[in-house]
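# A structural walkthrough
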Amino acid sequence: MPSGDTTVKFHTLYSDHHGWLQGWLRRRVGHAGDAADLAHDTFLRILLTGRTPEAEQSRAHLTQVAKGLVIDLHRRRLVEAAYLDALSHLPQAQTPSAEQRALIIEDLLLVDRVLGALPAKVRQAFLLSQLDGLTYSQIAQTLGISFATVRKYMLRTAQSLHAAMLASEGVNGR
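None of these values were measured; they are calculated from a predicted model.

Conventions we followed
In this numbering scheme, every chain counts its residues from 1 along its sequence in written order. For a predicted model such as this one, the threshold for reporting local features is a pLDDT of at least 70, and the threshold for listing and counting side-chain atom pairs is 80 or more; totals across whole chains, interfaces and linings nevertheless cover every residue. Side-chain descriptors were evaluated using all non-hydrogen atoms of the structure, hydrogens and water having been removed beforehand. Only protein atoms enter the 1 Å grid used here, on which a cavity is any set of points holding a 1.4 Å probe that cannot leave and a pocket is any open set flanked by protein within 12 Å on both sides along at least five of seven lines; residues with an atom within 4 Å of a point are listed as lining. Grid points are joined across faces, edges and corners, and a volume is the space filled by probe spheres set on the points. Elements are defined by DSSP. Helices are runs of H or I of four residues or more, strands are runs of E of two residues or more, and each kind is numbered from the N terminus. Under the convention adopted here, Pro, Cys and the residues Ala, Val, Leu, Ile, Met, Phe, Trp and Tyr are nonpolar, Asp, Glu, Lys and Arg are charged, and Gly plus all remaining residues are polar. Salt bridges, as used here, are contacts in which a Lys or Arg side-chain nitrogen is within 4 Å of a carboxyl oxygen on Asp or Glu. Buried residues are those whose accessible area, probed at 1.4 Å on protein chains only, stays under 20% of the maximum for their type, while exposed residues exceed 50% and partly exposed ones sit between those limits. Fitted lines through C-alpha atoms serve as axes, helices being fitted only where they are in contact, and the angles separating the N-to-C directions of these axes extend from 0 to 180 degrees. Each angle receives one of four descriptions, namely roughly parallel if under 35 degrees, roughly antiparallel if over 145, roughly perpendicular if within 65 to 115, and oblique otherwise. With the far helix as reference, a near helix turned anticlockwise by less than a right angle produces a left-handed crossing, and one turned clockwise produces a right-handed crossing. The contact criterion used is simple: two residues touch if any of their non-hydrogen atoms lie within 4.5 Å. Each Phe, Tyr or Trp ring (for Trp, its six-membered ring) is paired with any other whose centre lies within 6.5 Å, and the angle between the two planes then decides the class: stacked below 30 degrees, edge-to-face above 60, tilted in between.

Let's shift gears to the layout of surface pockets. Looking at the largest pocket, its volume works out to about 470 Å³. Looking at the lining of the largest pocket, the elements that each hand over two or more residues are α2 (32-49), α3 (58-87) and α4 (98-117). At 7 residues, the largest contribution of residues to the lining of the largest pocket is made by α2. Its residues assigned to classes, the lining of the largest pocket comprises 6 nonpolar, no polar and 10 charged.

Next up, the structure:
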């Protein structure tokens, strides 16, 4: 629970910089509603971490947090657009419900975050396997690594995805 001093610092940060941050975000994302949501999420993230910056670092800190959220928003929109494009090629009877689509998009975003956090070669080995259908031997040859290294990379990816899914289930209650 935040202390009284932390609460005062956060309130001061919010009241002094909310309008500025929302304007800054509006210029970046071009939509007032998105800017308002991102400003809210920025302050929420700071509140949840409990790391309220000192006054002289306020705008730099807010900008840093907000930039990450803008990147997340763009990534989410790219994933959603790709998924919706793939769905547009399905017969109407096979199209998932709105709720199912939302859950699938959340899972796709989780996979995207996990893969993005992996080293490039590990991620590349996984994608060559899952998207291009290459065997471990073909992946080893393509990447110039051993078969055993491909197996290690695939295991690392599977473990990372599994841990993220378990954490997500704990947070989302699914």
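Picking up where we left off.
Take the pattern of salt bridges next. Across all of its chains, the model carries 5 salt bridges by this definition. Residue Arg76 is joined to Glu80 by a salt bridge in which the shortest nitrogen-to-oxygen separation is 2.9 Å. Note that Arg76 and Glu80 are positioned in helix α3 at a spacing of 4 residues, about one turn of the helix. A relative accessible area of 28% means that Arg76 is categorised as partly exposed.

Here we come to the packing of α2 against α3. How two helices sit against one another is set out by the angle between their axes and by the gap between those axes. Where α2 contacts α3, the axes come no closer than 9 Å and their chain directions differ by 125°. Viewed along their axes, α2 and α3 adopt a mutual orientation that is oblique. Handedness of the crossing formed by α2 with α3: right-handed. Only His61, Leu62, Val65, Ala66, Leu69, Val70, Asp72, Leu73 and Arg77 of α3 make contact with α2, whose side of the interface consists of Asp34, Leu38, Asp41, Thr42, Phe43, Arg45 and Ile46. Grouping the amino acids of the contact of α2 with α3 by side-chain chemistry returns 9 nonpolar, 2 polar and 5 charged.

Attention now goes to the packing of aromatic side chains. A full pass over the atoms with the stated rule returns 4 aromatic pairs. Look at Phe10 and Phe43: their rings are 6.2 Å apart centre to centre, the planes differ by 85°, and that puts the pair in the edge-to-face class. Remark: Phe43 occurs in helix α2 and Phe10 occurs in helix α1 (residues 4-29); sequence separation between them is 33 residues. In this pair, the class of Phe10 matches that of Phe43, namely buried.

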